[in-house]
Each structure stands twice: as structure tokens, then as C-alpha cells.
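# Structural overview
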Amino acid sequence: MGMRILQSPRKLIISFWLLCLLLVGWSLSVNLTVQSDLSQFMPAGASADEAMMLNRLQEGPAARLVLIAIEQGELEQRAASSKALAKLLRESGLFTQVKNGEFGLDGTERQRLAAHRYLLSPEVSVHRFSEQGLRAALMQRLDDLRMPLLLDKSALPSDPTAETLAILRNWGSNPQPERIKGVWFSLDTKQALLLAEVAAAGLALDQQQAALDFIKQAFNQVKADSGVHLLLSGSPMFATGSREIIRGEMTTLSTYSTVALILILSLAYRSPRLLLLAGVPLGAAVVAGMGAVNWVFDGVHGITLAFGITLLGVAIDYPIHLFSHLTPEQKPRTTLQTIWPTMRLGVVTSVLGYLALLTSGFPGLSQLGLFTCAGLAAAILTTKWVVPLFLEIGPLPTFFLWNVKLQPRLSLQRAGVVVLVLLGSAVLLFLLLRNAPIWQSNLRALSPIPQSLITQDGELRKAFRTPDLNHMLVARAASPEEALQLSEQLEVRLVPAVDAGLISGFDLASRYLPSIQRQLQRQSLLPERQALEARLAAAQQGLPFKQGLFAPFVEAMEQAREMAPLSLDDVNDGVLGMRLRTLLFTEDGGWVLMVPLYGVNDEKAFGQWMDQLGLAEVRYINLRQEMEGLIDRFRDVALERLGLGALVILFTLSIGLRSLRRGFHILTPVCLAVAIDLALLLLMGQLLSLFHLIALLLVMGIGIDYSLFFNRQEVDEEGRQRTLHALLVCAISTVMVFGILASSEIPVLKAIGQTVSIGVFFSFLAAAFFSPTQCRTSA
């Protein structure tokens, strides 16, 4: 009998559906690219600086800096562990730079630095190599020899003016922790301190986790039995820690939600086959959404994938409506035809509402709109053409229909409508008169990291005297040389700002590599051999240095007069090259110069000071404020698209129902539920974020579905009972699943869970009160 049911057209439909899913799935397995570039959530017309800023948030120093503290044990043990750990980290190649108070250049870089010291040293001047200048340098070396820890004696014959030391001091001229036994310590000396900048991009979490794991492994290797203890903090720790926390929380909550959904559907239908079939449209929706976005946008953003699947939650309702209306007397396809007009109108309105996201100007929102539209289309088509055919394989399952009676209670219904309208009006008044802020733009408030770890991070940053890497100057140039010359100009301008207390320090690419123009200027100041030998002989008079001791110095000076200046390509490798790439890098055919600012306490005063300099090509940026501004713009566009989507939905409903009044009647309970949802969230002390808006999109889609089914005309009492049975199963399962999500301690998951569970609950109530009949349930 079962084989006869699977007639050729049905086989063809199922085979075609499976083939489509397999083809799309195969294409995704081969070509799927999961994107993480935050610029996808910027408007298409965003400025180059905004695009660069988001790139820096992902790849810049602030996103890659690990704060390391070694505590407990003896001070000597902490210092020794710091040196050994820093050595292993530098040799690993996993870090752009590792700082612990030592000068961490390898042998090759030290040789290159020594060879070019007279072109790189900021101390080179005419006076530096005069008789008086040389005399002063030699006297200083005598003093240094009395404190041997301060001077490398082997470098004295070739570098009596200590240019190499001057370069290294210049590189470390910003505020730093105290140095004890050659490494950084906290003020109370209880912690040896290291800074490690991960080479991987900020959003490359697997690589960042590998770098953090290496730090732990290396520390275990060097600590031996010293009793020292390791502390780690910083953005990489927070990013990877957040991922692990979210993964763990999602695993737990998903397990609870799946069990709850299985329990509800089992109680409602008592059929394993229906339970499995309920997930078929949702699975097809996810595959179709991913395939469409990957094809159009050459990749799927991780945010699109996460929130798109959330928005597809309404797809689970489609088979539930079909299951609740199944009867032994009708084939599933015939049953579906009776509810198809209502389901179709609900899907069309939802899809058209989400289409408004496609024209948002934000590629990320456009992805989200396409993902949802394609997914809903696939879900409804699967419910219409595929699920009934699977149901016809074998006998239809039977289930107990909940005893739900629909009786017109106009007085109670009208009272409920009045209460809802009054409540909605009060909510509107509350939102209009509320003086407190309602929007959350601070991303830190959405972090799942425990407050104790955030506090520990703040304490470590104070110990490190770590700069706030959110403040910087940005300029663009046509070439590296032009950028380095601009960097040198900025150094002259910024020193007075430090003296005036506007900032405590800054970092510059030209501090590590002067422009070729500056190097040639210094080279021109170097004396010829005969002149240098005469000045040096005069400077040595009466000093206890052996005759001919400084011959290597004279030879090095002669070589420096002829050597070519260092270019950016010459130092592209090693620690110095990696450091320069964070301050000077190419983008879109040009070059970007970044100048991190330290200790900006009064942004307004510093901004006014910058305006007075008249450097139009230099822009002052506060990364945190810029990011919050982008979030605000993104939210405003999302709100605008929500409003536009509501108008499109109203227009579509009016056409589908052939009445503008009926369209308003369907949409009114949805709007009331959304308004009540927002008010309750604010009353609970929440500030609204983008995640709440995304969740409200789902509430609108589900609310419209409820309102349409509550208002459809049924031919008999049994039909009304089956409709209410479907709506109850949909509402209970949705509120239960998202209610579990609302119990999460993770702010993002909590926001989505609370918004959807509250919104769906009031959508159901409002749709019931605004329906032609009022329902009463008895178990």
C-alpha cells in the first residue's frame, strides 16, 4: 500500500527537493565562506576612515594585546621567569612584539641596528661629534663603567657616544612600569609584568587561542618548581573567553530548549514521525538561506548566520499548523489547501517586511534580509510540497486534540480590547515622556565576561601604565616616505601637547624608522675620517682610555657616511617590522599612518588643540566613540527599516484581505504586543540594543501569523478547535524555548530570549482578544 502511494509525481517532487538540498549543501561545503569583517555592517557609502577604523578594531593593537603577570615566588624567581618566558614568546613567531623591560631584538636585528645607528639615532647632531660633544660622551662612559650593569663594555670601542642605547631609549620613551633586575615590575614588586601582542587578527579566535595556549605552555616550561603563578588578561583573553562561555551556555540552553520542544510536540501530537517532520522545513530554510547569501554576497557573515537562524524560528510554526488540522478523512494535501491562503498571506507579509532590509545600505543587514526571505520561502514551500507527501507514506498519526471551546463572549472580549488599547496608550506615553536613555551603545555592557575578570584587567592595566589604545591620530599618504615625514612633523607638534598635560605620550612609526630624508640629513652631519680622528684625539686628552681604543668607532663612522639609508622594505622582518606594520600599513593603494595617543584625559581640549594646528590631513579618532556612533547609525537604519517593513506589511495585508480596515485589524494586536514588550523591557531596567531589534523582527512575524489565524473564517467548531490547538502549540513552544534562553547570564542571549518570549506571549493574547471570537481553554 505504501509503495502505491508513492506514485511517480510524488517521487519526482521529493527527489527534486532532496536533489536541490543536496546541491546547495554540496555547494556550501565547497564554497561557503563565513565572514567576520565588521565593515559588512557599515553603510555602503561609509568613509575610508570608518572602514579603516573597523579594520583596526579587528586587527589593531587594542584587539591583540595580552597582559601577562607573574606573581608569587621570590622576586628573583619572578624576574628570571619573565626573561625566560619573553624569550620563548619572541622565538615562537606568534607575537608581533613581546615587552618586559628588556630590549627584545634578535642577533640579526641588533647587527642591523648597530650598523645604521648613526642614521637612526635621534641624538645625532653637529655638536654630537664636535670635540666638546665627544668629550662629554667619553666622560659619561667613564661614569657608566663605574656601574657596569648600565653599560655593555664590548660596545664601547665602536659606539662611545652610545647611539644604539639612544635608539633603544627612544623606542621605550612612553610611560612604562618600574624596571627591577632588567624587567618590568608592578609598583609593589609583587608582579613581574609582560606585554605580548598577538600576530593573529582580533577576530581570528582560533589563532588567538593558540597563542594564549602557547603562553601557558611556555610558562609551565619555565616556572619549574619556583612556585610562581601566571595571570593573563586583555582583549584576546576576553574574545576567546566569551566564545567559550557562549558555546557552553548555548550547548546547555540548546539542550534544555530541544528537550522542552520535544516534550511539547510529543504531548501535542504523540507521534515521533510528526516530531521529525516538524524540523524538515526549518532545516530546508537554513540551507536555503545560507546558499542564497553565499551566492549573492560571496560569503555569509557570522552575525547573519546567528541572527538569521533566530529569525527563522517562525518556520517551525508552518508544519504545526498543518499537523493540528490533519484528520483521517482528508489527505494531508487536501488539509493543507484549507489553511494555505492564511499561511501564504502570513509568509508573504513576513517576506516583504524583511525585504526592506535588503535596501538598507548596510551589507550586513542586506545579508540578514536575504537570508530570512530565502529561508522562509524554502520553509513554506517545503511545508506545502514535501511534508504532505511524507505524511502520506503510511497511515496518518492520530493525536488527542486539546479540549478547546470557542464561545463568543463579547463583553469580556471588548473589555480585553479596551484594556489592551489603554495599556498600549500608556506604553506610548511612557516611552514619549521617559527622560532616561533607552538605547545601549556600549558594547562592553553586552560582554559575557564576569565582572571580577574585568576588574582584574583594569588593575593590571594600571600596573602596566598601559595606554588607552582607543585614542589615535590617523593620516593618509601616497607613499611610506611621505607618511614617515608626516610622522616626524607630528612628533614636533605633539611634544608640546605632552608638556601641556593634554596627553601623557604617543607612539610614532618614525620613532622606529626615520624617513629617508631624515636619515640623509643625519648622514650629512657625520664628520670625515680625518676630522673625527682629530676631534677624538683632543677629546681623549687626560682621560684613561688607551690609544687606538676607538678605531672601530672611526671605521663605523666612515662606513655610515657611505651606506644607503634604511627603507620600510629593509626592516619588514623581525620584531621591528612587525611593530611598524601596526603603525604604518597600506590600504586601498595608499598608506595609512596611525599615531596611538596615551593618557587623553580631556578629549575636548585636545580636539581643540588639534584644530589649531591646522593639519587637515590628520584626524583625531576615539575608537570607542566611533564604534558606538556606528552602532547608533546601524540601529537607526534598523528602526527605519522596521517602520518601512510595517507599512509594507500593512499594504500587503490590505491587498490580501481586500480591506484596509481588516489590514489594520490584523496589524493592531501585533503593534500593541511590540509596544508592551518594549515597555516591559525598559521597566525591567534594560537598555535596548540591536539584539532587541532583531528579536522584535521575529516577534512581528510570529504575531502576524497568530493574528491571521485567529481571524480566519472556520466552517465548523472542530476547525476552530484545530486552529486554536495549532496556535497554542506554537505559542507555548515559542515562549518556552525563548523563555529558557531568557534565563541565560549572557546579555545578548538574555536580550533575545526576553524580547521574544514576552512579545510572543502578548502577541497571542492580543490576537485572541482582537479576534472575532474569544477563546476559553479547558484541559
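As the structure is a prediction and not an experimental result, all values here were calculated from the model. (Residues numbered from 1 in each chain as written. Predicted model: local features only at pLDDT ≥ 70, side-chain atom pairs only at ≥ 80, totals over all residues. Heavy atoms only, no water.)

## A closer look at the overall build of the protein chain
Defined as follows: Labels follow the DSSP assignment, with helices taken as runs of H or I lasting at least four residues and strands as runs of E lasting at least two, numbered in each case from the N terminus. Type-normalised accessible area, obtained with a 1.4 Å probe on protein chains alone, sets the label of each residue: buried when under 20%, exposed when over 50%, and partly exposed for intermediate values. In what follows, a contact means two residues having at least one pair of non-hydrogen atoms within 4.5 Å. Using the Shrake-Rupley algorithm and a 1.4 Å probe, accessible areas are obtained, with residue cover drawn only from the displayed protein chains.
Of regular secondary structure, the protein chain possesses 31 helices and 15 strands. Within the span of the protein chain, comprising 779 residues, buried residues form 52% of the whole. Residue pairs at least 24 apart in sequence account for 82% of intrachain contacts in the protein chain once pairs closer than 6 positions are excluded. Carbon and sulfur atoms make up 60% of the accessible area of the protein chain, which amounts to about 35100 Å² in all.

## Observations regarding the pattern of salt bridges
The line we're drawing: Here a salt bridge means any side-chain nitrogen of Lys or Arg lying within 4 Å of a carboxyl oxygen belonging to Asp or Glu.
Counted under the stated rule, the structure contains 11 salt bridges. Two residues, Asp159 and Arg117, come together in a salt bridge whose shortest N-O distance is 3.7 Å. Taken together, the residues span a long stretch of sequence, with Asp159 in the loop between α7 (131-145) and α8 (163-171) and Arg117 in helix α6 (residues 117-120) at a distance of 42 residues. Accessibility expressed as a relative area gives 8% for Asp159, which makes it buried.

## Quick look at the pairing of strand β2 (residues 65-71)
Here is the rule: At least two bridges found by DSSP between two strands are what make those strands a pair.
Extensive coverage of β2 is indicated by the burial of seven of its seven residues. Residues Leu65, Leu67, Ala69 and Glu71 point to one face of β2 and Val66, Ile68 and Ile70 to the other, with burial holding for every one of them. Taken together, the seven bridges between β2 and strand β6 (residues 191-198) define a ladder with antiparallel strand orientation. Residue pairing across strands places Leu65 opposite Glu197, the latter belonging to β6.

## Points about the nonpolar core
Which entries qualify depends on this criterion: To define a nonpolar core, start from buried Ala, Val, Leu, Ile, Met, Phe, Trp, Tyr and Cys residues and group those joined through side-chain atoms within 4.5 Å.
Within the largest apolar cluster, 104 residues are counted, with the highest numbers of intra-cluster contacts made by Tyr318, Phe323 and Tyr706. For this core, the element with the most residues is helix α29 (residues 690-710), which contributes 15 residues. In terms of nonpolar packing, the next biggest core, distinct from the first, is built from 39 residues, Ile167, Leu484, Phe606 and Leu615 among them.

## What to know about the pairing of strand β14 (residues 618-622)
Across the five residues that make up β14, a large majority, four, are buried. Two strands pair when backbone bridges link them, and strand β10 (residues 471-477) and β14 are joined in this way by five bridges, in the antiparallel orientation. Paired with Leu473 across the strands is Tyr620, a residue of β14.

## Some words on the confidence of the model for the protein chain
Caution is warranted with low-pLDDT regions, since their predicted coordinates should not be read in detail. Note the cut-off: A score from 0 to 100, pLDDT tells how confident the predictor is in each residue.
Residues with a pLDDT of 70 or more make up 86% of the protein chain, whose mean pLDDT is 82. Predicted confidence in the protein chain is weakest over strand β15 (residues 774-777), with a mean pLDDT of 41, and strongest over helix α22 (residues 516-524), with 94. Overall, residues 774-779 carries pLDDT values under 50, and its contacts beyond four positions in sequence, including any with other chains, amount to 18 contacts.

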